[in-house]
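# Chain and residue survey
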Amino acid sequence: MRRYFTTPIYYVSDVPHLGHAYTTVVADAFARYHRLRGEATRYLTGTDDHGQKIERMAAAHGKSPKGYADEIAAAYRTTWQTFAIANDDFIRTTDPDHEAVVQELWRVWEKNGDVYLGHYEGWYCVACEQYYTEKELAVGSVCPVHQKPVEKIKEESFFFRLSAYQSKLQEFYDRVLRETGRPFVEPQIRMNEVRAFVDAGLNDFSASRTNFSWGVPVPDHPGHVVYVWLDALTNYYSATRREGLQGFWDDAVDIVHFMGKEITRFHAVYWPAMLMAAGLRPPSKIVAHGWWTVDGEKMSKTRGNVVDPNRLAADVGADAFRYFVLREVPLGADGDFSHQALLTRYNAELANDLGNLLNRTKALAERTPIEIRTSVPVADLGAAQAVREVDEAMAAYAPSKALEAIWKLVRRGNEFIDQASPWKKEGQALVEILWTVFNLCRVVSHLVEPFMPEKAREMRLQLGVASARFEWNDPWRFDGSFAKDKGAPLFPRIDEERKKELLSRWMPTPTPTPTLTPLVSYDEFSRFDFRVGEIVAAERIPKKDKLLKLSVDLGSERRQVVAGIAVAYGPEELLGRRVIFLANLKPAKIGGVVSEGMILAAGDPDVVALSALDRSCPPGTKVR
Ligand code: MSP
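Here's a quick rundown of the structure. Predicted, not measured: the structure shown is a model, and the values here were computed from it. Counting starts from 1 at the beginning of each chain's written sequence and moves along it residue by residue. Only residues with pLDDT of 70 or above have their local features reported here, since the model is predicted, and side-chain atom pairs are shown and tallied only from 80 upward, although totals for entire chains, interfaces and linings are computed over all residues. By convention in this description, side-chain values take in all heavy atoms of the structure and omit both hydrogens and water.

Note on disulfides: each one is a pair of cysteine sulfur atoms within 2.5 Å. Evaluation of the coordinates by the stated rule reveals 0 disulfides. Cys 125 supplies the cysteine sulfur nearest to Cys 128, a cysteine that is in no disulfide, at a spacing of 3.7 Å. No disulfide involves Cys 143; its sulfur sits 3.6 Å from that of Cys 125, the nearest cysteine. The cut-offs for exposure are 20% and 50% of the maximum accessible area for each residue type, with area from a 1.4 Å probe on protein chains only; residues under the lower value are buried, those over the upper are exposed, and the others partly exposed. A relative accessible area of 0% places Cys 143 in the buried class.

Our next topic: the sheet that holds strand 11 (residues 254-260). Criterion used throughout: strands pair if DSSP finds at least two bridges between them. Secondary structure elements follow DSSP: runs of H or I no shorter than four residues count as helices, runs of E no shorter than two count as strands, and numbering proceeds from the N terminus. If you walk across this open sheet you meet the 6 strands as 3-2-1-11-12-7, and the pairing is parallel. The open sheet has two edge strands, strand 3 (89-92) and strand 7 (185-186), and neither has a second partner. The sheet contact formed by strand 2 (residues 41-48) and strand 3 spans 4 bridges and is parallel. When the bridges of strand 3 are listed, Thr 45 appears paired with Phe 90. We call two residues in contact when some of their heavy atoms are within 4.5 Å. To get an axis, a line is fitted to the C-alpha atoms, and for a helix only the part in contact is used. The angle between two axes follows their N-to-C directions and goes from 0 to 180 degrees. Packing against the sheet, helix 1 (residues 18-36) makes contact with strand 1 (3-11), strand 2, strand 11 and strand 12 (285-289), and its axis sits at approximately 165° to strand 1.

With that settled, consider the sheet that holds strand 4 (residues 115-125). Pairing within the open sheet is antiparallel, and its 4 strands lie in the order 5-4-6-8. Strands at the two margins of the open sheet, each flanked by one partner only, are strand 5 (130-132) and strand 8 (205-206). The pairing of strand 4 with strand 6 (residues 151-160) spans 10 bridges and is classified as antiparallel. Along strand 6, the bridge assignment pairs Tyr 116 with Phe 159.

With that settled, consider the packing of aromatic side chains. Centres within 6.5 Å make a pair out of two Phe, Tyr or Trp rings, where for Trp the six-membered ring is used; the pair is then stacked when the planes are under 30 degrees apart, edge-to-face when over 60, and tilted otherwise. Evaluation of the coordinates by the stated rule reveals 44 aromatic pairs. Ring centres of Phe 5 and Phe 258 lie 6.0 Å apart, and the angle between their planes is 35°; this geometry places the pair in the tilted category. Here Phe 5 is found in strand 1, whereas its partner Phe 258 is found in strand 11, with 253 residues between them in sequence. Side by side, Phe 5 and Phe 258 carry an identical accessibility label, which is buried. Linked through ring pairs, Trp 106, Trp 109, Phe 158, Phe 160, Tyr 165, Phe 205, Tyr 227, Trp 229, Phe 266 and Tyr 270 together constitute an aromatic cluster. Working rule: Lys NZ or Arg CZ, within 6 Å of ring centre, within 35 degrees of ring normal, means a charge sits over the ring. Above the plane of the ring of Phe 197 lies Arg 265, whose end atom (NZ or CZ) is 3.7 Å from the centre. Over the ring of Phe 491 we find Lys 455, and its NZ or CZ is 5.0 Å from the ring centre.

Helix packing for two helices is described by the angle between their axes and how far apart those axes are. Axis separation between helix 11 (residues 318-328) and helix 12 (residues 339-367) bottoms out at 10 Å; the angle between their running directions is 100°. When the axes of helix 11 and helix 12 are compared, the pair comes out roughly perpendicular. In contact with Ala 320, Tyr 323, Phe 324, Arg 327 and Glu 328 of helix 11, helix 12 contributes Ala 341, Leu 342, Arg 345, Tyr 346, Glu 349 and Leu 350. Put simply, Ala, Val, Leu, Ile, Met, Phe, Trp, Tyr, Cys and Pro go in the nonpolar bin, Asp, Glu, Lys and Arg in the charged bin, and everything else, Gly too, in the polar bin. Class assignment for the residues of the contact of helix 11 with helix 12 results in 7 nonpolar, no polar and 4 charged. For classification purposes, an angle smaller than 35 degrees is called roughly parallel, one larger than 145 roughly antiparallel, one from 65 to 115 roughly perpendicular, and anything else oblique.

The contact between helix 5 (residues 166-180) and helix 6 (residues 188-199) brings their axes to 10 Å, and the two run at 155°. The angle between helix 5 and helix 6 falls in the class roughly antiparallel. Relative to helix 6, the crossing made by helix 5 is left-handed. Contacts between helix 5 and helix 6 pair Gln 166, Leu 169, Gln 170, Tyr 173 and Asp 174 from the former with Met 191, Val 194, Arg 195, Val 198 and Asp 199 from the latter. A per-class count over the contact of helix 5 with helix 6 returns 5 nonpolar, 2 polar and 3 charged. In this scheme the handedness of a crossing depends on how the near helix is turned from the far one: anticlockwise by less than a right angle means left-handed, clockwise means right-handed.

Structural data, given as structure tokens:
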């Protein structure tokens with residue numbers, strides 16, 4: 001069967017982090033697994049270049065949206081190379097052929113009445129690129145996801161007639177379950193959420209924007225750009241319209257979209273409806289994985305705990321990272337990325353179990369001056385069983401279970417060496433033992449390939465079987481011979497000293513609580529004029545890494561302020577934030593720029609969080 005796997009296309013608002021690397025590694029493991037089984041497989045990833053958020057960020061960096069998107073897209077490409085991601089294509093929503101397909105679908109939708117012109121009024125969160133109803137906002141009328149102020153927007157807008165697709169979607173979900181025995185959305189809990197959302201009745205959604213221009217123009221309606229999610233979702237299809245791919249969006253292909261759980265609704269409701277409206281088949285499957293926290297805390301820039309996958313790759317290797325994220329948490333569940341656990345698994349499972357199996361095998365061969373070539377039928381130590389278990393696990397979207405099955409085989413290999421005592425044997429008996437452990441290593445090298453492609457290749461090089469063919473359904477069979485030269489250890493052990501060094505580099509050190517300063521009277525305190533201030537502009541100050549120049553709206557006036565927060569915050573994150581502002585601080589020059597006041601922030605000496613108000617109130621409001 002032909003297979004087509006995709007990741008979300010990532011916003012170009014920032015360089016890749018742990019979460020993005022995770023999805024991309026997961027999808028890569030599936031693509032590689034199916035390729036290994038000899039199936040025609042395509043794997044697509046890319047970037048989501050459009051939208052108001054990107055337009056604003058680019059402006060805050062003094063760049064054009066395309067120029068800014070180009071830089072971040074390049075960082076994605078390089079990171080995927082580091083992680084040996086074997087994607088066949090990298091799509092960007094700014095690719096002209098993608099834009100043409102978006103417009104083509106739009107024309108079909110419009111012709112059939114699935115998009116129509118109306119007016120939209122609602123609260124918009126730029127960070128989510130999503131409208132919220134009054135009811136959905138969090139306490140203080142802020143975005144429920146970002147806790148940032150939302151914007152009231154009324155605009156002429158096209159709508160997508162999602163309301164017409166309720167029963168079609170319900171029938172579709174039922175059909176997938178009936179025909180495949182599995183829910184359209186995996187895991188089941190995410191299917192239940194989607195189903196409840198659809199059963200509650202669907203509203204048409206706004207399908208175009210007029211208040212900014214960084215997007216695909218709506219055909220024949222100047223001033224409108226296509227809603228960024230309609231544009232983005234279309235990437236999966238538009239990529240199959242590229243040369244040589246005819247038929248990659250037809251019924252015979254297994255189309256599987258991987259993503260984080262937060263964007264399931266877009267993929268499981270909007271996207272199938274968009275396709276149905278265009279007379280195209282819906283995808284086969286949506287696989288939603290959970291979210292990572294980091295050492296028990298939410299990952300965020302403010303906390304300074306965003307995990308940079310490139311740094312980990314440099315320190316312990318890309319394949320160790322791939323192994324850890326795939327093995328540590330069952331796909332679909334939320335998980336914690338504990339740096340300590342990464343090192344523990346590295347030493348126990350990679351250096352010890354797998355690394356040692358190969359080292360011991362090579363050491364045995366070195367001490368034994370015979371050629372390891374035989375075709376005597378010796379027991380397969382469970383190799384065929386491991387292959388079956390990997391198949392079952394992968395069919396159930398459970399890569400962590402596949403790795404468990406492989407490790408069972410690895411441990412069996414180590415036990416076999418212990419029990420067979422090859423150092424006491426000679427002649428044919430010794431050849432058989434050696435052949436068995438070599439062949440086991442060879443099978444393991446193929447089984448781990450989808451999960452750790454580089455180390456798998458290295459293993460085969462060391463075994464002298466780099467170009468040997470592997471029969472997935474007859475894994476134990478091998479007619480070639482093995483090499484005996486000893487290579488470098490696959491996973492050098494990380495000793496205590498290095499462990500400490502790595503952990504101290506990876507984990508931000510908590511700032512000690514400062515001792516409190518002497519008491520002040522209320523009179524003294526009341527001389528400070530604190531106000532609510534809204535940050536309306538923010539930019540970096542050339543050659544000053546820690547400083548940002550802000551413009552703060554106090555209701556009656558605007559102030560220029562220099563704030564030492566550039567390490568914790570980028571200019572683009574600050575727009576629209578309301579903070580507590582000291583309005584009667586004497587002006588002073590900071591970094592050569594006049595500063596007229598001060599915004600309050602936590603952290604000393606380095607800022608870690610900005611002050612905020614838990615409800616919305618207008619700029620200029622007195623704070624006491
Ligand atoms: N551009 C949209 C997707 C459009 S797809 C048609 C988008 N981009 S994103 O850059 O925000 O990436 C979101 C994805 O990144 C998640 O779906 C998930 O794959 C990954 N993750 C981001 N943070 C994550 C964690 N903390 N944990 C796990 N994965 C997360 O949404």
